[in-house]
Each structure stands twice: as structure tokens, then as C-alpha cells.
Amino acid sequence: MSTTDTTLNASRASRPGIARKAKAYLALTKPRVIELLLVSTLPTMIYAERGFPSIGLILATLVGGAFAAGSAGAFNCYIDRDIDKLMHRTENRPLVTGEVTPREALIFSWLLGAAAIAILWFGANPLSAWLGLGAIFFYVVIYTIILKRRTAQNIVWGGAAGCFPVLIAWAAVTNSVEWPAVILFMVIFLWTPPHYWPLSMRYGEDYRNAKVPMLGAIAGAKVVSVQVVLYAWAMVACSLLMVPAGGAGWVYTVTAVLAGAWFLYESHALYNRAQREDISDKRAMKVFHGSISYLTLLFIALAVDPFIGPAVMAG
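Residues numbered from 1 in each chain as written. Predicted model: local features only at pLDDT ≥ 70, side-chain atom pairs only at ≥ 80, totals over all residues. Heavy atoms only, no water.

Along the polypeptide, S71 turns up in helix α4 (residues 55-79). In contact with S71, not counting residues within four places along its chain, are S109, L112, G113 and I136. (Helix = DSSP H or I, 4+ residues; strand = E, 2+ residues; numbered from the N terminus. Contact = heavy atoms within 4.5 Å.)

Below, the structure written as C-alpha cells:
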């Protein structure tokens, strides 16, 4: 075998295979975040329809919404590649490891975003497409570029991007944005800080190294725990507005009360430990994981609710 052949084979061997490259592109989209966003999409569509929408509409909305979230996540990875390499939590992202180049990531982000808008526009309606575009803009520009590195309130206002799926879902079914969709938007908006701030407590050193002012990283546990409790109470109260203003039935109402009471208990447990300076990463992450369970239960109940019984406050 010639030297040229040996060099060529070595070069080919060093290139990531197709499967590995595909996995790297998938990682750019932050699939775990997409999963969480989709948890709220289908139940909202079912509730808006008071039954099951057409399969075509469901698929278009889910795929379009997933692509929009994936595009926003990929843009975020591109913009934050300088700080991602400074944090243990993000040091294995594809742009840090070199499995995807910045140019490839940027092209991928634009293509995925364009596909998302097209799918929502033609598969659902223009209103849902505009809301999808708004979600991408909010996460990429408002949160990642403007807020994230400048203020400890970054996740509060930037987290609004994660609330758009319920608006997109409602608009896809009704071609409008009505009060129940606004209430669900606010539930997720108020849920985001008590969901994310315990995580930022766990990875506080990472954020401090990267000079990202997440509240959980720059404030003490006592301060963070107070904010977690306040937002948790506001979130639960907002979730109950679905009863008088959103036509919710008993399944949703009972679940919102019980799941809300459980999450409030966990939030207060975090607060009590923080006041005694007995806080640990394990306790903070328990609230983080608990917040995911809470939101999942709430939206499962929302999906089941139209099929079981009338509204609690039926006129």
C-alpha cells in the first residue's frame, strides 16, 4: 500500500461516521428540552379541540414545534460555544468537541427554523407559524443574546420562549389565542424559575466560571429558596384559573390541586433547609425533577379532562 493510500485511509477513518454526525446534529437541538416542550403541546391541542384533532394537524404541530425548538437550541449552542467549553455540564456539546463546525451548526439552525415555519404554516395555519417564529426569536435574541449574560433575571423573561408551545398548539386548533391558552402560557412562565433555579444551584460553579449570572449561582440558597417558593405559589394559583376562566373539569381541577400542593411542599422543604443552611445539591435537584413531574401530571390531566365530566363551573 502506498503512502498516499495510507494517509487517505487514515483521513477517512478520522472523520466521524454518518451515525455519529447525525447524533451530533441531534445533540445541537437539545432533545431533552424538546421532549419537555412537547409534553405541553398535544394536551393543549386536545383540550382546545375538546377531543382529538386530526392526525395530520397533530403531526404538523408536533413536528413543526419540535423543529422550532430544535432550531432555537442549535442557535443557542452556536452563540454560546465560547462559554459552553468552560462548563462541565456543557463541555461535551458538539461545537465544543469539534464534531460539528460553527458554520455547519449555523446552517443547520437556519434550515431547521425555516422547515419549522413552513410545516406550521402549511400544516396548521399562519398564526401558529408566526408564533413559532416568535418562539425562536425570543429564545435566540431576547434570552441568549440580550439577557443571559447580563442579568440574573435572564431565565425569568427568557423562559417565556418555552411557553410558546401552548400558544402554538391552541392556535393550530382554533386559529386564535384565547384565555385558556394565555393561562397555560402563564403557568409555564411562572413554573420556569422554580424549575431552573435549583438546577443553577447544582451547577453554580459552572455558571460562575463562565460568568453567567444565573440567580442560583450568584445568590445564596436562602435568597433562591424564597424566590422558588414565591414563584411556586404564583404558578399553582395561576393553574387554578383554568377552572373559572378555562372551563376545566374535575380531572384537571383535582390534579392541579394535589400536584400543586405536593410541589409547594417540596418548595417549602427546600426553603426550610436553606434557612437552616442545611441545603444540598440532592435537595435542590429534587425540586428540579419534581417540577418536571408536576408539569407532566398537569398536562396529562388537561388532555384527559375533556373526556370525563363537565366543567366544574359550567354556566
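With that out of the way, let us pick up the pattern of salt bridges. Tallied over the full model, the rule gives seven salt bridges. Ionic pairing is found between E104 and K21, a salt bridge with its closest N-O pair at 3.0 Å. Residue E104 is found in helix α7 (residues 102-123), and its partner K21 is found in helix α2 (residues 18-28); the two are separated by 83 residues along the sequence. Among the ionic pairs, R149 bridges to D82, the shortest N-O distance being 2.9 Å. Taken together, the residues span a long stretch of sequence, with R149 in the loop between α8 (126-147) and α9 (154-158) and D82 in helix α5 (residues 81-84) at a distance of 67 residues. Using a relative accessible area of 34% as the deciding quantity, one classes R149 as partly exposed. The exposure class assigned to D82 is partly exposed, which follows from its relative accessible area of 35%. Ionic contacts of the salt-bridge type, sharing partners, join the residues D80, D82, K148 and R149 into one network. (Salt bridge = Lys/Arg side-chain N within 4 Å of Asp/Glu carboxyl O. Buried < 20%, exposed > 50% of the residue type's maximum accessible area, 1.4 Å probe, protein only.)

What follows deals with the packing of aromatic side chains. Across all of its chains, the model carries 11 aromatic pairs by this definition. Ring geometry for Y25 against F108: centres 4.9 Å apart, planes inclined by 45 degrees, an arrangement best described as tilted. Of this pair, Y25 sits in helix α2 while F108 sits in helix α7; the two residues are 83 residues apart in sequence, bridging distant segments of the chain. On the numbers, 6.0 Å between centres and 75 degrees between planes, the contact of F164 with F185 is edge-to-face. One end of the pair, F164, is in helix α10 (residues 164-174); the other, F185, is in helix α11 (residues 179-202), with 21 residues separating them in the sequence. (Phe/Tyr/Trp six-rings, centres within 6.5 Å; stacked < 30°, edge-to-face > 60°.)

Attention now moves to the nonpolar core. In summary, soluble globular proteins display a tendency toward joint burial of nonpolar side chains. Counting 72 residues, the largest nonpolar core has M235, M242 and Y294 as the members making the most contacts within it. For this core, the leading source of residues is α11, giving 13 residues. If we ignore the near neighbours within four places in the chain, the residues touching Y294 are W191, M235, V236, S239, A259, G260, W262 and F263. (Core = buried A, V, L, I, M, F, W, Y, C linked by side-chain atoms within 4.5 Å.)

Let's shift gears to the UniProt feature "transmembrane region" (unreviewed entry) in the chain. Those places that UniProt annotates as "transmembrane region" (unreviewed entry) correspond, in this numbering, to residues 55-79, 105-123, 129-147, 154-173, 179-197, 218-243, 249-271 and 292-313. Secondary structure content for residues 55-79 is 100% helix and 0% strand, and the end C-alpha separation is 36 Å. Secondary structure across residues 249-271 comprises 96% helix and 0% strand; the distance between its end C-alpha atoms is 32 Å. (UniProt positions renumbered as here; feature names shortened; annotations may be inferred.)

Right, let's talk about the packing of helix α3 (residues 31-49) against α4 for a bit. Where α3 contacts α4, the axes come no closer than 10 Å and their chain directions differ by 150 degrees. Considering the angle they form, α3 stands roughly antiparallel to α4. Once α3 is placed against α4, the crossing between them reads as right-handed. Across the interface between the two elements, I34, L37, L38, T41, L42 and M45 of α3 pack against L57, I58, T61, L62, A66, A69 and G70 of α4. Residue composition of the contact of α3 with α4, by class: 10 nonpolar, three polar and no charged. (Axes fitted to C-alpha atoms, helices over the stretch in contact; angles between N-to-C directions. Parallel < 35°, antiparallel > 145°, perpendicular 65-115°, else oblique. Left-handed = near helix turned anticlockwise from the far one by under 90°. Nonpolar A, V, L, I, M, F, W, Y, C, P; charged D, E, K, R; others polar.)

The topology assignment puts E49 in helix α3. What makes E49 partly exposed here is its relative accessible area of 38%. Each C-alpha atom, one on E49 and one on I117, is 22 Å from the other, the two residues being 68 residues apart in sequence.

An ideal rise of 1.5 Å per residue puts 27 Å on 19 residues; α3 measures up with 27 Å between its terminal C-alpha atoms. Within the sequence span of α3, burial applies to I34, L36, L37, S40, T41, P43, T44, M45, I46, Y47 and A48. Positive phi shows up at R50, right after α3, with a value of about 55 degrees. (Expected span 1.5 Å × (residues − 1).)

As a further point, take the packing of α4 against α7. Two numbers describe how α4 lies on α7: the axes approach to 8 Å, and their chain directions differ by 155 degrees. Relative to α7, the element α4 lies roughly antiparallel. Of the two possible hands of crossing, α4 and α7 adopt the one that is left-handed. Among the residues making up the contact of α4 with α7, the classes are represented as 17 nonpolar, eight polar and no charged.

Mapped onto the secondary structure, A48 falls in helix α3. As for A48 and P306, which are separated by 258 residues in sequence, their C-alpha atoms are 9.1 Å apart.

What follows concerns a nonpolar patch on the surface. A contiguous nonpolar surface patch, about 490 Å² in accessible area, is contributed by F52, I300, V304, F307 and I308. Relative to the helices and strands, I300 resides in helix α17 (residues 281-304). A residue is classified by how much of its surface remains accessible, and I300, at 47% relative accessible area, is partly exposed. (Patch = residues over 30% accessible without salt bridge, like charges linked within 9 Å, V, L, I, M, F, W, Y side chains within 5 Å. Areas by Shrake-Rupley, 256 points an atom, 1.4 Å probe, with all protein chains shown as cover.)

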